[in-house]
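# Chain and residue survey
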Amino acid sequence: MKFFVDTADIEAIRELHDLGIVDGVTTNPSLIQKSGRDILEVTKEICDLVEGPVSAEVVATKAPAMIEEGRKLAQIASNIAVKVPLTWDGLKACKTLSGEGHMVNVTLCFSAAQAILAAKAGATFVSPFIGRLDDINLDGLDLIADIRTIYNNYDFRTEILAASIRSVNHISEAAKIGADVVTAPPAVLQSMAAHPLTDKGLAAFMADWQKTGQKIL
Ligand code: G3P
């Protein structure tokens, strides 16, 4: 399973990258807004830091303009994946941009039917949003499982990029189902290391160690 970081915060990406756990980055207009940075500048910095795919999202809603924006974003670096929404126009843009050899991430996927269209249109990645389905009392992980089954049935090569990850459980369950990639906020990736029994066990070891009166250094 590949880990992408879902942020445009360069320092957060750097810390995780130094740990060797970053296989790519995803951004979106909301994350660019949150960063307070210029999209072209911050995306270039991210691409210089991370070797893997870096998703940068178009903001046009009609296919011709999406394609133009996608071509401009793709010029930032060779590891750009152009992100387009899963709309009819987004699928047209996906078909054109992937045909030109660009990686394309089709985002805002909320159904298996949409995921089939993304694969047929040549998407490199499809991004089903788990958390936002959970928010409306549906099961986002069920969607990941359905897409996995369908893609396996027909040997679709599009990678399932589980997005809108809100918890460690989302990550481990998506991994069990067989999502190819998860993209998660830095805080969720960091919280994967936490377990109360680890804290409790470490406290007991430290208390016993104090009693020995020894030092290692
Ligand atoms: O990659 C898409 C993701 O950022 C959406 O997450 O938490 O805003 O639903 P969220």
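Quick caveat: nothing in here was measured; it's all calculated off a predicted structure.

Taken together, Asp-6, Asn-28, Lys-83, Phe-129, Arg-132, Ala-163, Ser-164 and Arg-166 make up the full set of residues near the ligand. Relative to its unbound accessible surface of 300 Å², the ligand loses 82% to contact with the protein. Broken down by class, the residue content of the shell around the ligand amounts to 2 nonpolar, 2 polar and 4 charged.

Structurally, the position occupied by Glu-159 is in strand β7 (residues 159-162). On a C-alpha basis, the gap between Glu-159 and Asp-38 in space is 29 Å, while along the polypeptide they are 121 residues apart. Glu-159 has contacts with Lys-2, Thr-124, Phe-125, Val-126, Asp-180 and Val-181, leaving out every residue within four places of it along the chain.

So, on to the UniProt feature "active site" (unreviewed entry) in the protein chain. According to UniProt, the feature "active site" (unreviewed entry) maps to Lys-83 in the numbering used here. In this fold, Lys-83 is placed in strand β4 (residues 80-85). On the accessibility criterion, Lys-83 (4% relative accessible area) is buried. Each residue touching Lys-83, except ones within four places of it in the same chain, is listed here: Thr-26, Thr-27, Asn-28, Ser-55, Ala-56, Glu-57, Val-58, Asn-105 and Thr-107.

An α-helical turn contains 3.6 residues, so a residue and the one three or four places further along point in the same direction. With 12 residues, helix α4 (residues 63-74) ought to run about 16 Å at 1.5 Å a step, and its terminal C-alpha atoms sit 16 Å apart, in line with that. The set of residues buried in α4 consists of Ala-63, Met-66, Ile-67, Gly-70, Leu-73 and Ala-74. Angular distribution of buried residues about the axis of α4 spans 125°; they occupy a single face of the element. Packing partners of the buried residues in α4 comprise α3 (39-49), β3 (54-57), β4 and α5 (88-99).

This paragraph deals with the nonpolar core. Core analysis: the largest hydrophobic core is formed by 61 residues, its most contacted members being Ile-46, Val-84, Val-106, Tyr-151, Ala-162, Ile-165 and Ile-171. Beyond its immediate stretch of four places on either side in the chain, Ile-165 contacts Ile-130, His-170, Ile-171, Val-182, Thr-183, Ala-184, Pro-185 and Val-188. If you look at the next biggest cluster of nonpolar residues, it comprises 5 residues, including Phe-4, Ala-81, Leu-161 and Val-181.

Let us now look at the side chain of Thr-27. Within the secondary structure, Thr-27 is located in the loop between β2 (24-26) and α2 (29-35). By relative accessible area, Thr-27 is classed as buried at 2%. At a separation of 2.7 Å, a polar atom in the side chain of Thr-27 contacts the main-chain carbonyl oxygen of Ser-55.

This part is about the sheet that holds strand β1 (residues 2-6). Taken in spatial order, the 8 strands line up as β1-β2-β3-β4-β5-β6-β7-β8 and close into a barrel, and their pairing is parallel. Going across the sheet, the axis of each strand differs from the next one's by a mean of 30°, ignoring polarity. Pairing geometry for β7 and strand β8 (residues 181-184), over 2 bridges, is parallel. Its bridge partner lying in β8, Ala-162 is registered against Val-182. Of the strands in this sheet, β2, β3 and β4 touch α3, which is tilted by about 170° from β3.

The rules behind each value
- Residue numbers restart at each chain and count upward from 1, following the sequence in its written direction.
- Under the rules for a predicted model, residues below a pLDDT of 70 receive no local features and side-chain atom pairs below 80 are neither given nor counted, while totals for whole chains, interfaces and linings still include all residues.
- To get the side-chain values, take all heavy atoms of the structure and skip hydrogens and water.
- When at least one non-hydrogen atom of a residue lies within 4 Å of a molecule or strand, that residue is treated as near it.
- Only the protein chains shown count as cover for residues, and the accessible areas themselves come from Shrake-Rupley with a 1.4 Å probe.
- Classification used: nonpolar for Ala, Val, Leu, Ile, Met, Phe, Trp, Tyr, Cys and Pro, charged for Asp, Glu, Lys and Arg, polar for all others including Gly.
- By definition, any uninterrupted DSSP run of H or I lasting at least four residues is a helix, any uninterrupted run of E lasting at least two residues is a strand, and each is numbered from the N terminus.
- We call two residues in contact whenever any of their non-hydrogen atoms come within 4.5 Å of each other.
- UniProt positions are given in the numbering used here, feature names are shortened, and annotations may be inferred rather than shown by experiment.
- Buried residues are those whose accessible area, probed at 1.4 Å on protein chains only, stays under 20% of the maximum for their type, while exposed residues exceed 50% and partly exposed ones sit between those limits.
- The span one expects for a helix is its residue count, reduced by one, times 1.5 Å.
- It is the directions from the helix axis to the C-beta atoms whose arc is reported.
- Working definition of a nonpolar core: buried Ala, Val, Leu, Ile, Met, Phe, Trp, Tyr and Cys residues. They are joined through side-chain atoms within 4.5 Å.
- N or O atoms within 3.5 Å of each other form a polar contact, as long as, within protein, one can give a hydrogen and the other can take it, and as long as residues adjacent in sequence are counted only when both atoms are side-chain atoms.
- One requirement defines pairing of two strands: DSSP has to find at least two bridges between them.
- Inter-axis angles, ranging from 0 to 180 degrees, are taken between N-to-C directions of lines fitted to C-alpha atoms, where helices are fitted over the stretch in contact.

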